[in-house]
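Next come the chains, spelled out residue by residue.
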Amino acid sequence: MAFTFAAFCYMLALLLTAALIFFAIWHIIAFDELKTDYKNPIDQCNTLNPLVLPEYLIHVFFCVMFLCAAEWLTLGLNMPLLAYHVWRYTSRPVMSGPGLYDPTTIMNADVLAYCQKEGWCKLAFYLLSFFYYLYGYVIISPVSPLRVCSNN
Amino acid sequence: MCISYFLGLSGRHFTLGTPGSPKPSPRELLPKKLSKNALKYYLSCVLGYLYFTLLFLLYFTIFLPFPNMSQLSAALGGLSGVPELEVEALRPVNLLQERNLLPHRPLDAPEPNLSADLKKANCSPDTFRCTLTNIPQTQALLNKARLPLGLLLHPFRDLAQLPVITSNTIVRCRSCRTYINPFVSFLDQRRWKCNLCYRVNDVPDEFMYNPVTRSYGEPHKRPEVQNSTVEFIASSDYMLRPPQPAVYLFVLDVSHNAVEGGYLNVFCHTLLENLDKMPGDTRTRVGFITFNSTIHFYNLHESLSQPQMLVVSDIDDIFIPTHDSLLVNLKESRALVRVLLTSLHSMFSQTRETHSALGPALQAAYKLMSSTGGRVSVFQTQLPTLGAGLLQSREDPNQRSSTKGVQHLGPATDFYKKLALDCSGQQIGVDLFLLSSQYSDLASIACMSKYSAGSIFYYPSLHHVHNPAQLDKFQKDLERYLTRKIGFEAVMRIRCTKGLSIHTFHGNFFVRSTDLLSLANINPDSGFAVQMSIEESLADTSLACFQSALLYTSSKGKRRIRVHTLCLPVVSQLSDVYAGADVQAITCLLANMAIDRSISSSLSDARDALVNAVVDSLSAYKNTVSNIQQSGLIAPAALCLFPLYVLALLKQKALRTGTSTKLDERVFAMCEFKSQPLQQIMRMVHPDLYRLDTMSDQGALHLNDCIVPQPHLLHLTAEKLTREGAFLMDCGNVFYLWIGKCCNDMFIRDVLGCPNHASIPPIMTQIPELETPLSERLRALLAWLQDSRTFSSTLHVVKDDATAKTSFFQHLVEDRSESAFSYYEFLLHIQQQMSK
C-alpha cells in the first residue's frame with residue numbers, strides 16, 4: 001500500500017482546505033458582526049488581520065506541493081486564486097503589521113459589501129475544491145478496493 | 001334647471017307651441033319658431049345663474065378660509081401643483097449663449113417645496129442641507145437623474161438662539177430611538193407616530209404638560225415639537241463615565257526652526273491673553289510638553305515657586321516622569337502657568353537642536369491624557385526626523401507641475417493613524433498646527449487629526465520677519481481656536497426615514513459602526529458630509545426626514561444632546577428632482593468624493609469623474625426632461641452654475657494638474673474640503689468678486705449706524721476687470737483688493753491713503769482708517785464679510801506684487817490658463833462629451 005506523492009498531496013490539501021473553509025466562515029461571521037454593530041471595527045480588524053497571511057501561505061504551500069507532484073490540472077485551477085491573493089495583498093492600505101483591513105475604511109458600505117462578497121465566494125471555492133481533492137484522492141490513490149475485489 | 005334646458009336644446013326634443021302641431025322629427029332638434037327675444041332671455045338667465053354660482057363657490061372655498069393672499073398661495077403651494085419657484089428652477093438655460101449666470105448677491109439655499117408651517121419649522125440650511133431638496137422616490141429615479149444624493153451638516157455651528165430642554169424624560173421612538181421632532185404626527189393627544197420608522201408610540205404623562213405656556217394637554221405645542229434644532233440636557237443614562245473636565249495639552253516644537261520662525265512668542269502671548277477665556281469651569285486642566293530631539297515636561301504644581309522642567313531623552317521608550325502636576329488645575333496653578341509662558345521663548349532662544357521627535361512627543365501626550373481625555377494641540381514646524389513615526393521627504397520638486405499624476409497623497413506610515421485611533425478610543429482629540437516652510441509630509445501627519453476628530457491648520461512659510469501677515473493670521477486664528485466653544489467625548493448619529501440609508505461618511509471622525517460617528521472633540525467650525533442611497537421605495541410617504549443627534553459633554557461638564565431635524569418632500573417625477581437640485585451642495589459633495597477617489601485611486605481618475613458628473617447629469621436632463629431640440633448646452637436653471645463650479649473645482653489647489661503646486665499645500669487643501677462647512681468651501685471654490693469704485697448705497701444694509709453696501713457679484717474673468725476700477729475678491733480665508741493702473745486717484749486717496757497708484761506700497765495688508773465716506777463704506781463691507789466667517793481672513797492689496805498677483809489671477813476660473821480650459825472651452829468640451 002504505497003502512497004504516491006500525489007496522493008499524499010491530495011490528502012494534505014484536503015486537510016488544509018478544511019482549515020481554509022474555517023477561515024472563510026470566520027471572515028463571513030466577522031463582517032456580519034461589523035455590519036450589525038455587534039463589534040468595534042478596531043477590535044475586529046485586530047482579530048482579522050493576523051489571519052490573512054496564514055490563509056494565503058497555506059494556499060501557496062499546497063500550490064507548491066502540487067507543482068512538485070506534477071498535478072497540472074489542479075495547479076491550473078488554483079492559479080487564479082493565487083493571482084487574486086497576490087493582487088489583494090499588494091494593493092492593501094498602508095499598514096505596518098500584516099493584514100488587509102484598515103479600521104478607518106472598513107466601515108464604508110462599499111468596502112464592507114466587497115469583503116462580504118469576497119468571503120462568500122471564497123467559501124464556495126474552498127468547498128468545491130474540498131470535494132475536488134476528495135475525489136482526486138480517491139482516484140489517484142493506488143489502493144483501490146474495487147480492483148482487489150474484481151480480481152476474484 | 002338650466003342643465004336640463006341645455007340638454008333639451010342639445011339632445012332631447014320637446015314641443016313648443018300649440019298642441020296638435022306635428023312632433024318635430026329626431027333630426028330637427030330646435031323648434032323652428034323660437035323667437036330671438038326668447039333666446040336672449042334664456043341666455044341671459046343662464047349666464048346670470050352661472051355668475052352667481054361662481055361667486056358663491058369663490059366666497060365659500062377661497063375667501064372665507066383664507067382671509068389673506070399669502071395664505072392662499074401657501075395653501076396652493078402645499079398642493080401638488082407646481083409653484084413658481086419650481087417652474088423657475090426648471091427653466092431651460094442655454095449655457096453657451098447666456099453669459100451672465102451669476103445672481104447679484106451670493107446664492108441662497110433653495111427652499112424645499114413644503115407647506116408654510118413645515119417650512120417655518122424646518123432646520124436652517126446653514127446647519128443641514130441636502131443635495132436634492134426633492135428626494136426621489138426610488139433608487140432607479142435617482143440613478144436616472146445622475147446626481148449624487150447626500151447631506152452636508154454643520155451640527156455644532158454657533159447659534160444665536162438655541163432652545164434648551166431640561167426635561168426629565170427625553171421622548172424618543174421605541175424602535176428607532178429617534179428624538180421627537182416637529183415632523184411627527186400626533187394620532188390623538190396620547191399617541192405619536194414616528195416619522196422615520198412609522199411606529200406608533202405613547203406620549204408620556206410629563207410630556208402632556210407644556211412648561212412654556214403652562215398648559216396641559218397640548219403636546220404638540222412643546223418646544224421639542226415646535227423647533228427642529230433643540231438641545232437636551234442628558235441624564236446619566238447617556239453617560240458612560242462621569243462627564244470629563246476640560247483638559248488642554250499643548251505640545252510645542254522648540255527646535256531651531258521653530259524658534260527662528262517666531263511662532264513661539266506669538267503663541268505664548270496669545271495664550272496668556274486668553275487663558276481665562278478658554279471654555280471650561282473650575283476643573284479645567286492644562287499641561288505643556290515641548291520637544292526637539294528630547295521631550296520636556298513641566299511640573300506646574302502650585303506649591304512650587306517656578307515651573308520645573310523634566311527632560312526625557314530616551315525617546316524610544318517614552319515614559320511619564322511624574323504622575324501628577326504635569327496636567328494641573330488651571331485655577332490653582334495659574335500663576336505658575338503664566339511664569340512658564342512668559343519664560344518659554346527665552347528658554348529656547350539659543351537652541352541649536354534641529355531634530356524633531358514628533359512621534360515620541362505624541363506618545364507621551366497620549367500616555368498623559370489617556371485617563372481623562374481632552375484636547376491636544378500640536379505645533380510642528382518641520383518634518384519629524386527622530387524616533388517613532390519618523391518620515392522621509394517624499395516630494396519631488398520637479399513633479400510639482402506634472403500633468404500625469406500626483407504621487408504621495410496618502411500616508412507613508414500608519415503610525416499616526418494608529419495613534420489617532422488610540423486617542424479616539426480614549427476621547428483625546430488631536431489638533432495640528434503646521435507652521436513649516438519646507439515639505440513636512442502633511443499627508444502622513446494629518447492622519448493624527450483626521451481620525452481623532454481634530455482640526456488641521458497650515459501656515460506655510462510662517463516667519464516673524466519675512467511674512468508678518470501670516471503671523472498675524474496665525475495669532476488671530478489661535479485666538480479663535482482657544483476661545484471657541486468645544487464639546488468633549490462626543491458621538492453623533494444620523495438617522496433617516498425608513499428606506500434611505502447612509503453609506504459613506506466624509507469628515508474628521510472615526511466611524512465606529514454603520515451610523516455612529518465617534519468624535520473625541522467637536523468644535524463649531526467643522527462640517528461633515530454623508531452620501532446616501534435609497535434602499536427601498538419611498539412611494540408610500542410624501543416626506544423624508546433626517547435627524548442628526550450629537551451627544552457631547554460641554555466644557556462645563558454637562559452632558560447634552562443637540563438634535564437637528566430636516567424634512568424634505570419626496571417626488572416621483574424626474575423633472576421635480578432637477579427642480580430641487582442644490583448646486584452648491586452637489587458641488588461640495590462631489591469635491592469630497594473626488595478627494596476620496598484621488599487618494600484611493602489617482603488624481604486623474606478623480607478629475608475625469610468630476611467632468612463625467614457634469615456630462616452625465618446634463619445628458620440625463622436633455623434626454624428625459626428637456627423638450628428643446630436646439631443646439632447648445634441646455635441646463636435647468638437650478639443647475640446652470642454646475643459646470644462653472646465644477647470647472648472652478650478642477651482649478652483648485654487640491655485637484656489641479658499642470659500648475660506648480662506644493663504637495664503639502666495640495667494635501668492641506670484636500671483636508672479643508674473634507675472638514676470645512678459648506679459656505680466656506682463655496683467661497684474657496686468660487687470666490688466672490690465685487691467692484692468697489694462704483695459701489696452705491698442701493699440695496700445697502702443699515703446695521704448699527706453703519707451702511708454696508710451690497711455690490712453685485714461679478715463673473716470671475718479678466719473681462720470684468722478694468723484698469724479704471726478697483727475690485728475685491730473674497731476667497732474665504734483671504735481678501736484680494738486689486739487696484740487697476742488707471743484707477744481714479746480720488747478713490748486711491750480716500751481708501752488707501754496714497755496720493756496715486758504708483759505710491760501704493762508693494763505689500764499692503766491693512767486698509768487705513770480714514771474719515772472719508774468711501775473708506776467707511778469699504779471698511780464696513782470688509783467687517784461685514786469678516787463677521788460672516790469664524791476665522792480671520794488676511795487682506796492683500798494687489799498692485800504689482802508678484803506672488804499676490806498670481807494668486808489673484810489664478811482665482812479667475814473662467815479664464816484660460818496654461819494647462820486648463822476657459823469656461824467656454826469647458827462648455828464645448830462637455831457638449832462634445834455629451835454627443836458621444
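Since the structure is predicted, the reported quantities are computational estimates derived from the model, not experimental observations.

Engineer: Just checking my understanding: could you explain the overall build of chain A for this structure?
Structural biologist: Helices and strands together make up the secondary structure of chain A, namely five helices and zero strands. When the helices and strands of chain A are read in sequence order from the N terminus, they spell out α-α-α-α-α. For 152 residues, the compact-globule estimate of 2.2 N^0.38 gives 15 Å, and chain A exceeds it by more than 25% at 19 Å. Principal axes of the C-alpha set define a box for chain A whose edges measure 65 × 30 × 20 Å. Counting over 152 residues, chain A shows a buried share of 42%.

Engineer: What is the right way to look at the overall build of chain B in this model?
Structural biologist: Broken down by element type, chain B carries 26 helices and 34 strands. Projected onto the principal axes, the alpha-carbon positions of chain B cover approximately 135 × 70 × 55 Å. Expressed as a percentage of its 836 residues, the buried residues of chain B come to 55%. Counting contacts in chain B only where the partners sit at least 6 residues apart, residues at least 24 apart contribute 75% of the total. Taken as a whole, chain B presents about 36900 Å² of accessible surface, with 53% of it coming from carbon and sulfur. Side chains of chain B give 78 positive and 73 negative charges; the mean places of these two sets differ by 8 Å.

Engineer: Looking at this structure, how should I read the environment of Pro245 of chain B?
Structural biologist: Residue and element names in this part refer to chain B. In this structure, Pro245 sits in the loop between strand E11 (229–233) and strand E12 (247–253). For Pro245, a relative accessible area of 14% translates into the label buried. Each C-alpha atom of the pair Pro245 and Gly557 lies 5.9 Å from the other, and the pair is 312 residues apart in sequence.

Engineer: Where do I start with the sheet that holds strand E2 (residues 128–130) of chain B in this structure?
Structural biologist: One key point about sheets: their strands pair by backbone hydrogen bonds, in either a parallel or an antiparallel sense. Residues and elements named next belong to chain B. Pairing is antiparallel across the open sheet formed by four strands, whose spatial order is E2-E4-E24-E21. The sheet is open, and its two borders are formed by E2 and strand E21 (500–506), each paired with just one other strand. Sheet twist, expressed as the mean angle between neighbouring strand axes with direction ignored, is 25°.

Engineer: Please explain the side chain of Asp431 of chain B as it appears in this structure.
Structural biologist: All names here are of chain B. Within the secondary structure, Asp431 sits in strand E18 (residues 428–434). For the buried residue Asp431, which engages in no salt bridge, the nearest side chain bearing the opposite charge is Arg375, 4.2 Å off. Once residues within four sequence positions are removed from consideration, Asp431 is found in contact with Arg375, Val376, Ser377, Val378, Ser449, Gly454, Ser455 and Tyr481.

Engineer: Whenever I open this one, the sheet that holds strand E28 (residues 688–691) of chain B confuses me. Can you help?
Structural biologist: Residue and element names in this part refer to chain B. Read from one edge of the open sheet, five strands run E31-E28-E32-E33-E34, paired in mixed fashion. What marks the edges here is a single partner per strand, and that holds for strand E31 (713–714) and strand E34 (794–798). Here helix H23 (residues 745–752) sits on the sheet in contact with strand E32 (726–730), strand E33 (734–739) and E34, set at roughly 145° to E33.

Engineer: Looking at this structure, how should I read helix H26 (residues 823–834) of chain B?
Structural biologist: Since the α-helix turns once every 3.6 residues, residues separated by three or four places project in the same direction. Residue and element names in this part refer to chain B. Look at H26: 16 Å from first C-alpha to last across 12 residues, which is about the 16 Å you get at 1.5 Å a residue. Taken together, the buried positions of H26 are occupied by Tyr823, Phe826, Leu827, Ile830 and Met834. For H26, the buried positions fall inside an angular range of 100° around the axis, keeping them on one side. Tucked into the core, H26 has its buried residues touching helix H19 (603–625) and helix H20 (642–650).

Engineer: Hey, could you run me through the interface of chain B and chain A in this one?
Structural biologist: The accessible area lost on association of the parts is a frequent measure of interface size. The partner chain A presents 14 residues to the 18 residues of chain B that form the contact. Regarding the contact of chain B and chain A, the summed buried area is about 1300 Å², with carbon and sulfur atoms giving 58% of it. Counting the surface chain B buries against chain A, the share from its top three residues, Asp414, Phe510 and Thr514 of chain B, is 32%. Counting across the chain B and chain A interface gives one salt bridge. Lys417 of chain B is the salt-bridge partner of Asp102 of chain A, the closest N and O atoms lying 2.7 Å from each other. Where chain B meets chain A, there are five residue pairs in polar contact (both at pLDDT 80 or more). Tallying contributions element by element places strand E22 (residues 510–513) of chain B first for the side of chain B that touches chain A, with four residues. The class makeup of the residues in the side of chain B that touches chain A is seven nonpolar, five polar and six charged.

Engineer: Whenever I open this one, a nonpolar patch on the surface confuses me. Can you help?
Structural biologist: All names here are of chain A. Taken together, the side chains of Phe5, Phe8, Met11 and Leu15 define a hydrophobic patch exposed on the protein surface, amounting to about 380 Å² of accessible area. With respect to the helices and strands, the residue Phe5 is situated in helix H1 (residues 5–35). In this structure Phe5 comes out as partly exposed when scored by relative accessible area, which is 42%.

Engineer: I'm lost on the confidence of the model for chain B in this one. Help?
Structural biologist: Detailed reading of the predicted coordinates is not advisable wherever pLDDT is low. Residues and elements named next belong to chain B. Across chain B, the average pLDDT comes to 87, with 91% of residues at 70 or higher. Per-residue pLDDT stays below 50 along residues 1–31; that stretch engages in 17 contacts with residues further than four places along the chain or on separate chains. As a predicted assembly, this complex carries a pTM of 0.87 together with an ipTM value of 0.87.

Engineer: Please clarify how helix H24 (residues 773–787) of chain B should be interpreted in this entry.
Structural biologist: Over its 15 residues, H24 of chain B extends 21 Å from the first C-alpha to the last, a length consistent with the 21 Å expected when each residue adds 1.5 Å. Taken as a whole, H24 of chain B has its buried residues at Ser775, Leu778, Ala780, Leu781, Leu782 and Leu785 of chain B.

Engineer: Hey, could you run me through the UniProt feature "domain: Zinc finger Sec23/Sec24-type" (unreviewed entry) in chain B in this one?
Structural biologist: The positions that UniProt labels "domain: Zinc finger Sec23/Sec24-type" (unreviewed entry) are, in the present scheme, residues 170–207 of chain B. What you have in residues 170–207 of chain B is 8% helix and 26% strand, and the ends, taken at the C-alpha atoms, are 9 Å apart.

Engineer: Hey, could you run me through the pairing of strand E20 (residues 487–496) of chain B in this one?
Structural biologist: Consecutive residues of a regular strand have side chains that alternate between opposite faces of the sheet. All names here are of chain B. Of all 10 residues that make up E20, nine are buried, and the element is covered over most of its length. Pairing between E20 and strand E23 (residues 516–522): six bridges, direction antiparallel. Each residue of the ladder has a partner; that of Arg493, found in E23, is Leu516. Here eight bridges tie E20 to strand E25 (residues 543–554), and the two strands are oriented antiparallel to one another. Considered in E25, the bridge of Arg493 is made with Ala549.

What counts, and at which threshold
Residues numbered from 1 in each chain as written. Chains lettered and ligands numbered in written order. Predicted model: local features only at pLDDT ≥ 70, side-chain atom pairs only at ≥ 80, totals over all residues. Heavy atoms only, no water. Helix = DSSP H or I, 4+ residues; strand = E, 2+ residues; numbered from the N terminus. Rg over C-alpha atoms; globule rule 2.2 N^0.38 Å. Buried < 20%, exposed > 50% of the residue type's maximum accessible area, 1.4 Å probe, protein only. Contact = heavy atoms within 4.5 Å. Areas by Shrake-Rupley, 256 points an atom, 1.4 Å probe, with all protein chains shown as cover. Lys, Arg positive; Asp, Glu negative; His and termini not counted. Charge placed at Lys NZ, Arg CZ, Asp CG, Glu CD. Pairing = 2+ DSSP bridges. Axes fitted to C-alpha atoms, helices over the stretch in contact; angles between N-to-C directions. Salt bridge = Lys/Arg side-chain N within 4 Å of Asp/Glu carboxyl O. Expected span 1.5 Å × (residues − 1). Arc of directions from axis to C-beta. Buried area = accessible area lost by both parts, 1.4 Å probe. Polar contact = N/O pair within 3.5 Å; in protein donor to acceptor, adjacent residues only side chain to side chain. Nonpolar A, V, L, I, M, F, W, Y, C, P; charged D, E, K, R; others polar. Patch = residues over 30% accessible without salt bridge, like charges linked within 9 Å, V, L, I, M, F, W, Y side chains within 5 Å. pLDDT = per-residue confidence, 0-100. UniProt positions renumbered as here; feature names shortened; annotations may be inferred.

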